[in-house]
Amino acid sequence: MENTLKYKELGRYQVLDTSIVIDTINKELTYKTPHFDYDFNLGFRIKFNNCDCKYSIIVMDKHTREVISKVIFVPEENTVYQLHKKYFIDCEIRIFKVINDAGEPYPLKVISFDIQNKDILVLIASDRNPAGLGDSIAWMTAAYQFKLKHPDTNVYIHMAYPDLEEIFKLKYSEYFNFVTYSEIKDRLYYATYLCGCFFDDVDLKFCPMRYEKVGLIESACLVLGIDYDEKIKLNVSMKEDTQRQPYVCMATHASGLYKEWINPRSRDKLVSFFKHNFKYDVYSIDLKAEESIHSFFKTSISKYTIDETGRLPLIDRVKLISGADFFIGISSGLSWLAWICDVPVVLISGFTNPITEFKTPYRVINKYECNSCWNDETIKWDMATTCCPRKDNNIFRPDFLVCSTSINFYSVMNVIKEIPIVKSKFGEVCDSWDKS
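Model, not experiment: these values are computed from the prediction. (Residues numbered from 1 in each chain as written. Predicted model: local features only at pLDDT ≥ 70, side-chain atom pairs only at ≥ 80, totals over all residues. Heavy atoms only, no water.)

> An account of the packing of helix α6 (residues 264-278) against helix α11 (residues 420-432) is requested, with residue identities and associated values reported.
The N-to-C vectors of α6 and α11 enclose an angle of 95°; their axes lie 11 Å apart at closest approach. Relative to α11, α6 is oriented roughly perpendicular. Residue-level inspection shows Phe273, Asn277 and Phe278 of α6 in contact with α11, the latter providing Val422, Phe426, Val429 and Cys430. When grouped by side-chain class, the residues that make up the contact of α6 with α11 number six nonpolar, one polar and no charged. (Axes fitted to C-alpha atoms, helices over the stretch in contact; angles between N-to-C directions. Helix = DSSP H or I, 4+ residues; strand = E, 2+ residues; numbered from the N terminus. Parallel < 35°, antiparallel > 145°, perpendicular 65-115°, else oblique. Contact = heavy atoms within 4.5 Å. Nonpolar A, V, L, I, M, F, W, Y, C, P; charged D, E, K, R; others polar.)

See the structure below:
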């Protein structure tokens, strides 16, 4: 359709920021009737053919019969009207033509939302930046739940992480159709859903709950109208063929300083303890061995680890992680990768509430210090500059990033000793470690 196509919200008449709508999904509405075209791409959309008449649209929940939107209007030419709620709603839409001044309605059509045997597009994206590795895994987990609930639905996935897409294809090619950006435009979809963290979604247009209140997986499940029951997993046959001495993988760098475990003394003590008491090799698998953040703060991997850092293909990371007895990480993509490799994950984080990431019995957080600022609705996050918002991002404050710096060797070791494979191999060491 023409570039002059306009979008307006049903019942609100506010012009949308349609960049993610028009640039990503089909501009031509999927279903056509004599009076209007419609579909459910990022909310119910409708475009009328006759703009000289008055119409009434009632959108209601199919089960509760609660009215979501009710509006009477004269449509404008070349304008798509779109429901302000963009997430999955099992709804019924009743469309009437108003035929006289008294407002008497003439029923045109009742549209019952039904995705059975339909083409559904799930965008693994974000409303600001391309989704990261961890985000993509979380939202793919929700897409997997969606497919399990609706097995007869044709689910198309678009993500901006080709390496991860190739890995998922090895096991889930029969579940999903993975499409590139250019391929999206080659098909008309019944419905489209956007999974992401919606920072500015104060009106809850894209998700029925704010991202601070629910985890990454749960927020995407809310978008897709399903419950979270079963995690997505990778193929266990991806383990390396080479034989290594029993080992652990570790990754403590991330895209932001607030995510890192900033206690190098305790981290080095932990690695040294593994090597001498558990006879483990410890591989550092971060992107870089050394990170400079905000030009004033430098972090590096432990000097006691084996340096396996670098921009390696994701499949190589999967193979190495899959053979580890367990993984030590932070709130970052590699921890999520270890989780779907079905490896026990020791997750060290203070800036997120434990609800944010996947569930692991080996979570380490110091609940006695400042924590969970990511889940604080009073804080407006700027991913480029924010690192310690409650402490004014001031590196010279003694309590700067105390959520991270206060997590010590004993905090981490206290959960590692409970990992079954560790306890079975080194039960005596596990019972006596705190006396060393």
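> Before we move on, can you summarise the packing of helix α2 (residues 133-149) against helix α5 (residues 216-224) with the specific residues and values?
Between α2 and α5, the shortest axis-to-axis distance is 8 Å and the interhelical angle comes to 40°. Considering the angle they form, α2 stands oblique to α5. Regarding α2 and α5, the two cross each other, and that crossing is right-handed. Residues Asp135, Ala138, Trp139, Thr141, Ala142, Ala143 and Phe146 of α2 pack against Leu216, Ile217, Ser219, Ala220, Cys221 and Leu224 of α5. Grouping the amino acids of the contact of α2 with α5 by side-chain chemistry returns 10 nonpolar, two polar and one charged. (Left-handed = near helix turned anticlockwise from the far one by under 90°.)

> Please give an account of the confidence of the model for the protein that cites residues and values.
Within the protein, residue pLDDT values average 86, and 90% of them lie at 70 or more. Low pLDDT (under 50) marks residues 12-22, which in the prediction has 28 contacts with non-local residues, meaning those over four places away or in another chain. (pLDDT = per-residue confidence, 0-100.)

> Before we move on, could you go through the side chain of Arg45 and cite the residues and values that matter?
If you trace the backbone, Arg45 turns up in strand β4 (residues 45-48). Here Asp39 takes part through its side chain, which lies 2.8 Å from a polar atom of the side chain of Arg45. (Polar contact = N/O pair within 3.5 Å; in protein donor to acceptor, adjacent residues only side chain to side chain.)

> Describe unusual backbone geometry, naming the residues involved and giving the relevant values.
With a phi angle near 55°, Lys279 is a residue other than glycine that sits in the positive phi range. Along the chain, the position of Lys279 falls in the loop between α6 and β15 (281-284). Of the residues examined, Lys279 reaches a relative accessible area of 51% and is grouped as exposed. One non-glycine residue, Asp392, lies in positive phi territory at about 60°. The residue Asp392 is located in the loop between β21 (363-364) and α9 (402-405) in this model. (Buried < 20%, exposed > 50% of the residue type's maximum accessible area, 1.4 Å probe, protein only.)

> Please give an account of the packing of aromatic side chains that cites residues and values.
Overall, the coordinates contain 44 aromatic pairs when judged by the stated rule. Residues Phe88 and Phe146 carry aromatic rings whose centres are separated by 6.2 Å and whose planes lie at 75° to one another, so their mutual orientation is edge-to-face. Placement of Phe88 in the loop between β7 (79-82) and β8 (91-98) and of Phe146 in helix α2 is noted, with a sequence separation of 58 residues between them. In this structure Phe88 comes out as buried when scored by relative accessible area, which is 14%. It is Arg244 that lies over the ring of Tyr247; its NZ or CZ is 5.7 Å from the centre. A cation over an aromatic ring shows up here: Arg244 above the ring of Tyr283, its NZ or CZ 4.8 Å from the ring centre. (Phe/Tyr/Trp six-rings, centres within 6.5 Å; stacked < 30°, edge-to-face > 60°. Lys NZ or Arg CZ within 6 Å of the ring centre and 35° of its normal.)

> Tell me about the sheet that holds strand β19 (residues 327-329), and name the residues and values.
Here six strands make up an open sheet; going across it, the order is β18-β15-β14-β19-β20-β21 and the pairing parallel. Across the chains shown, the open sheet's two edge strands, defined by having one partner strand only, are β18 (306-307) and β21. Looking at chain direction, β15 and β18 are connected through two bridges and run parallel. Paired with Ser284 across the strands is Asp307, a residue of β18. Running at roughly 165° to strand β14 (residues 247-250), α6 makes contact with β14, β15 and β19 of the sheet. (Pairing = 2+ DSSP bridges.)

> Account for the nonpolar core, naming residues and giving values.
Among the nonpolar cores identified, the biggest contains 108 residues, and Phe40, Ile157, Phe168 and Phe327 are the most heavily contacted of them. Of all the elements, α2 adds the most residues to this core, at nine residues. If we skip the residues at most four places from it in the chain, Phe327 touches Cys249, Ala251, Ile285, Ile321, Leu334, Ser335, Ala338, Val343, Pro344, Val345 and Val346. Ranked by size, the runner-up nonpolar core spans 29 residues in total, among them Met250, Phe273, Tyr280 and Met413. (Core = buried A, V, L, I, M, F, W, Y, C linked by side-chain atoms within 4.5 Å.)

> Report on the side chain of Ser284, specifying residues and quantitative values.
Here Ser284 lies in strand β15. By relative accessible area, Ser284 is classed as buried at 1%. Looking at Ser284, its side chain comes within polar contact range of the side chain of Thr305, at 2.8 Å. Each residue touching Ser284, except ones within four places of it in the same chain, is listed here: Met250, Ile301, Thr305, Ile306, Asp307, Glu308 and Thr309.

> So what's going on with the environment of Phe48? Which residues, and what values?
The residue Phe48 is located in strand β4 in this model. Those residues within four positions of Phe48 in sequence are excluded, and the remaining contacts are His35, Phe36, Tyr55, Ile57, Phe73, Pro75 and Ile95.

> Lay out α5 with the relevant residues and their values.
In terms of burial, α5 is largely enclosed, as seven of its nine residues are buried. Burial in α5 covers these residues: Leu216, Ile217, Ser219, Ala220, Cys221, Val223 and Leu224. Residues of α5 that are buried make contact with β10 (119-124), α2, β13 (191-195) and α8 (333-340).

> Could you give an account of the environment of Asp325, naming the residues involved and the relevant values?
Inspection of the secondary structure puts Asp325 in the loop between α7 (314-322) and β19. With a relative accessible area of 10%, Asp325 lands in the buried category. Residues Asp325 and Ile419 lie 94 residues apart in sequence; the distance between their C-alpha atoms is 9.2 Å. Not counting the four nearest positions on each side in its chain, Asp325 is found in contact with Tyr247, Tyr280, Val343, Pro344, Ile421 and Lys425. A distance of 2.7 Å separates a polar atom in the side chain of Asp325 from a polar atom in the side chain of Lys425.

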